[in-house]
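Observations on the model geometry
These are the residues of each chain, in order.
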Amino acid sequence: IVEPAQLLDENLKPTKELKLLFLGAICDNKGIFDLLDVIATNKAELIGSLKLYIGGNGEVDRLQSVISQKQLGEIVEYVGWVIGEDKKRLLKDCDIVMLPSYIEGLPISLLEAMAYAKPSITTNVGGIPEIIESGKNGVIITPGDKKALYEAIRLFMNNPQLIAEYGTEGLNRVKDYYPQSVKVQLENLYKQL
């Protein structure tokens, strides 16, 4: 006999791999190497449950070296610099957009994630807290906090329903950043001046 609590726990587990997507400069400031450390540290648990796709340019040789040295080839895939239809496909197919940055302004990649109804795991730097509200449309951590980064990933693995819930909230919030909305705001500002 299966206890109701066990059934609930089983229902909360994802039925497929959690697909993470990182788009941006491949460098320490973007936190990508922190993310790779977290995946390497927890590889035994994550293999078969998670896949990270990395799109971008920068320290590509270092990235590929880390993937090779830490034997992350089954979990991590570098897809190169992506634009156009390839970028749209990656955003459409992923579950979560990752941006564990140390330095940011207002990242376009997070606005794009919201436009595709995807939650983000990111940091409390620059303008990010203006568009991402932790526990509503993503998870915000402190830069460099690898334990919190891992816990944020586990949150979505253990509660896959949050992907759609947070994604829908993000989609509703990003509408204020669409060109037609910004145009109205600018027109109102000019009229006031």
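Presented here is a report on the structure given in the accompanying data block. (Residues numbered from 1 in each chain as written. Predicted model: local features only at pLDDT ≥ 70, side-chain atom pairs only at ≥ 80, totals over all residues. Heavy atoms only, no water.)

**Digging into helix H9 (residues 161-174)**
If you check H9, its first and last C-alpha atoms are 20 Å apart, about what 14 residues at 1.5 Å a residue would give, namely 20 Å. Where the residues of H9 are buried, they touch strand S1 (18-23), strand S4 (96-99), helix H6 (108-115), strand S6 (138-141) and helix H8 (146-158). (Helix = DSSP H or I, 4+ residues; strand = E, 2+ residues; numbered from the N terminus. Expected span 1.5 Å × (residues − 1). Contact = heavy atoms within 4.5 Å.)

**So, the pattern of salt bridges**
Under the criterion given, the structure shown has 13 salt bridges. Asp37 is the partner of Lys70 in a salt bridge, and the nearest nitrogen-oxygen pair spans 2.4 Å. In this pair, Lys70 is assigned in the loop between helix H4 (60-69) and strand S3 (76-80) and Asp37 in helix H2 (residues 32-41), connecting sequence segments 33 residues apart. Here Glu151 and Lys147 are joined by a salt bridge, their closest N and O atoms 3.7 Å apart. Of this pair, Glu151 and Lys147 both sit in helix H8, separated by four residues, roughly a single helical turn. A cluster of three or more residues bridged by salt bridges with shared partners is formed by Asp28, Glu59 and Arg62. (Salt bridge = Lys/Arg side-chain N within 4 Å of Asp/Glu carboxyl O.)

**With respect to the layout of surface pockets**
Size it by volume and the largest pocket reaches roughly 180 Å³. Taken together, 15 residues form the lining of the largest pocket, with Leu23, Gly24, Trp81, Lys87 and Ser109 sitting closest to its centre. Per-element tally for the lining of the largest pocket: the top contributor is H6, with three residues. When the residues that make up the lining of the largest pocket are grouped by side-chain class, the tally is seven nonpolar, four polar and four charged. (1 Å grid on protein atoms, 1.4 Å probe; cavity = no way out; pocket = protein on both sides within 12 Å on 5 of 7 lines; lining within 4 Å. Points joined across faces, edges and corners; volume = space filled by probe spheres on them. Nonpolar A, V, L, I, M, F, W, Y, C, P; charged D, E, K, R; others polar.)

**Quick notes on the side chain of Asp34**
Within the element layout of this structure, Asp34 appears in helix H2. For the buried Asp34, no salt bridge exists, and the shortest N-O distance to an oppositely charged side chain is 4.1 Å, to Lys146. Polar side-chain contacts of Asp34 include one of 2.5 Å to the side chain of Tyr102. Leave out the neighbours within four places in its chain, and Asp34 touches Tyr102, Gly144, Lys146 and Leu149. (Buried < 20%, exposed > 50% of the residue type's maximum accessible area, 1.4 Å probe, protein only. Lys, Arg positive; Asp, Glu negative; His and termini not counted. Polar contact = N/O pair within 3.5 Å; in protein donor to acceptor, adjacent residues only side chain to side chain.)

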